[in-house]
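Structural overview for review
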Amino acid sequence: MVLTDTVEKIKRMEIRGAGRIARAAVMALRDHAEIVRAEDPDRFVAVMQEAAAMLSATRPTAVSLPNGIHLAMRSLEETGGIEELRSRFRSACNEFIASSEKAVGRIGSIGSRHIRDGDTVLTHCNSEAALACIIDAHRNNKDIMVYATEVRPGNQGLLTIRSLDRAGIRTRFIVDSAVRFFINDIDLVVVGADAVTVNGAVVNKIGTSQIALAAHESRTPLMVAAETYKFAPRTIFGELITLEERPGTELLPEEVARQLPNVTVKNPVFDVTPPEYIDLIVTEQGAIPPQMAYSIIRDYLGWGMEEFHKEFGIHSTEQE
Ligand code: RUB
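Residues numbered from 1 in each chain as written. Predicted model: local features only at pLDDT ≥ 70, side-chain atom pairs only at ≥ 80, totals over all residues. Heavy atoms only, no water.

Moving on: the environment of Leu 243. Following the sequence through the fold, Leu 243 ends up in the loop between strand 7 (222-225) and helix 10 (254-258). In this structure the C-alpha to C-alpha distance between Leu 243 and Val 272, which are 29 residues apart in sequence, comes to 8.7 Å. When sequence neighbours within four positions are dropped, the list of residues in contact with Leu 243 reads Thr 61, Val 203, Phe 270 and Val 272. (Helix = DSSP H or I, 4+ residues; strand = E, 2+ residues; numbered from the N terminus. Contact = heavy atoms within 4.5 Å.)

Structural data, given as structure tokens:
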């Protein structure tokens with residue numbers, strides 16, 4: 001079944017990367033809606049809400065996942081017959097998927113303007129938004145070189161160097177811990193994001209904040225490529241982003257761990273880079289300094305205050 005299949009693939013990281021996760025979840029919801037048999041519209045919505053909750057719970061950090069699901073599920077708020085709901089939902093899902101893909105292209109063309117001819121760029125993990133900027137710069141005949149990290153323990157760097165190689169970009173593949181060794185050769189760091197908080201902090205693959213620290217020390221600018229739906233509305237109310245910790249077996253095989261009773265493996269897979277270490281966040285709506293993150297949530301994410309009221313049960317005095 002598409003729904004459980006997608007849930008498992010996201011959990012196992014066969015589908016990974018914040019943008020891809022969101023699109024896959026919305027696609028699974030769209031396909032699920034086509035096969036749901038319900039006795040009345042309320043039951044149809046309830047079944048869809050259960051499916052949405054299952055998908056939302058697959059990975060905790062990428063805000064694109066609840067945001068994408070929320071944008072699709074909003075279409076079920078107005079009443080109607082089951083077929084009407086189904087058709088509205090289908091359109092909302094397709095709209096999200098198309099706009100998400102389009103956003104990557106827009107980010108590529110905006111972000112590539114910040115990469116100069118002759119630049120050496122460093123990227124970490126495997127971000128389609130970050131790669132879009134780099135590949136677009138190359139397509140615009142800028143002579144660039146890329147340093148790509150290996151990315152322990154998931155080896156996402158392998159996906160990155162494959163894409164860069166396919167695009168014909170000169171690339172150097174390095175271990176994560178070699179970043180400071182090479183930082184003086186780097187003109188610009190370009191990374192993606194799993195979440196951007198209201199104060200402009202960026203949550204991305206573990207190691208990003210260490211790279212940002214090294215870049216900050218050597219005065220190397222750092223650019224984040226993030227679609228507007230990676231911005232986290234709930235951080236306005238002080239909610240923190242959950243940083244996923246994955247099983248220790250991803251680092252140390254169980255048979256080795258068993259022989260080391262005093263050793264505990266810790267495997268956090270995301271970290272937080274503070275806004276002071278970020279020069280620019282490139283969204284499909286334009287490039288902003290991190291301090292302007294709030295305006296993205298307010299103006300582009302479509303989270304009006306009514307949405308917050310519903311989510312958090314907050315009532316303004318006018319409503320009471
Ligand atoms: C992926 C990761 C990526 C962001 C942005 O982590 O940290 O940098 O998700 O990617 P994981 P994109 O491999 O654990 O999912 O720009 O493709 O959305």
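After that view of the structure, there is still more to cover.
So, about the pattern of salt bridges. Taken as a whole and judged by the stated rule, the model has 19 salt bridges. One salt bridge in this structure joins Glu 83 and Arg 86, with 2.9 Å as the shortest N-O distance. Taken together, the positions of Glu 83 and Arg 86, both in helix 5 (residues 82-112) and three residues apart, correspond to about one turn of that helix. Under the relative-accessibility criterion, Arg 86 is labelled buried at 5%. Residues joined by salt bridges that share partners form a network here, namely Arg 20, Arg 23, Glu 101 and Glu 128. (Salt bridge = Lys/Arg side-chain N within 4 Å of Asp/Glu carboxyl O. Buried < 20%, exposed > 50% of the residue type's maximum accessible area, 1.4 Å probe, protein only.)

In this section: the environment of Thr 242. Here Thr 242 lies in the loop between strand 7 and helix 10. On the basis of relative accessibility, which here comes to 47%, the residue Thr 242 falls in the partly exposed class. For the pair Thr 242 and Pro 60, spaced 182 residues apart in the sequence, the C-alpha separation amounts to 6.0 Å. Ignoring any residue separated from it by four or fewer positions in sequence, one finds Thr 242 in contact with Pro 60 and Thr 61.

A few words now on the sheet that holds strand 3 (residues 170-174). Pairing is mixed across the open sheet formed by seven strands, whose spatial order is 3-2-1-4-7-9-10. Whereas interior strands pair on both sides, the edge strands pair on one side only; in this sheet they are strand 3 and strand 10 (286-288). Averaged over all adjacent pairs, the angle separating strand axes in this sheet is 25°, with direction ignored. Of the pairings in the sheet, the one linking strand 1 (residues 120-123) to strand 4 (residues 188-191) comprises three bridges and is parallel in character. Looking across to strand 4, one finds that Leu 122 is bridged to Val 189. Along the sheet, helix 5 contacts strand 7, strand 9 (280-283) and strand 10; its crossing angle with strand 9, the most-contacted strand, is approximately 140°. (Pairing = 2+ DSSP bridges. Axes fitted to C-alpha atoms, helices over the stretch in contact; angles between N-to-C directions.)

Pairing is antiparallel in the open sheet, where three strands are placed in the order 5-6-8. Of all strands in the sheet, those with a lone pairing partner are strand 5 (195-196) and strand 8 (270-273), marking the two edges.

Now for the nonpolar core. Leu 29, Met 48, Leu 55, Phe 89, Val 224, Phe 231 and Ile 281 are the most contacted members of the largest nonpolar core, which totals 60 residues. Looking at which element gives the most residues to this core, the answer is helix 2 (residues 18-35), with eight residues. Residues in contact with Leu 29, not counting those within four places in the same chain, are Met 48, Ala 51, Ala 52, Leu 55, Ile 69, Met 73 and Phe 89. Within the second largest apolar cluster, 23 residues are counted, among which are Ile 110, Ile 134, Ile 169 and Ala 225. (Core = buried A, V, L, I, M, F, W, Y, C linked by side-chain atoms within 4.5 Å.)

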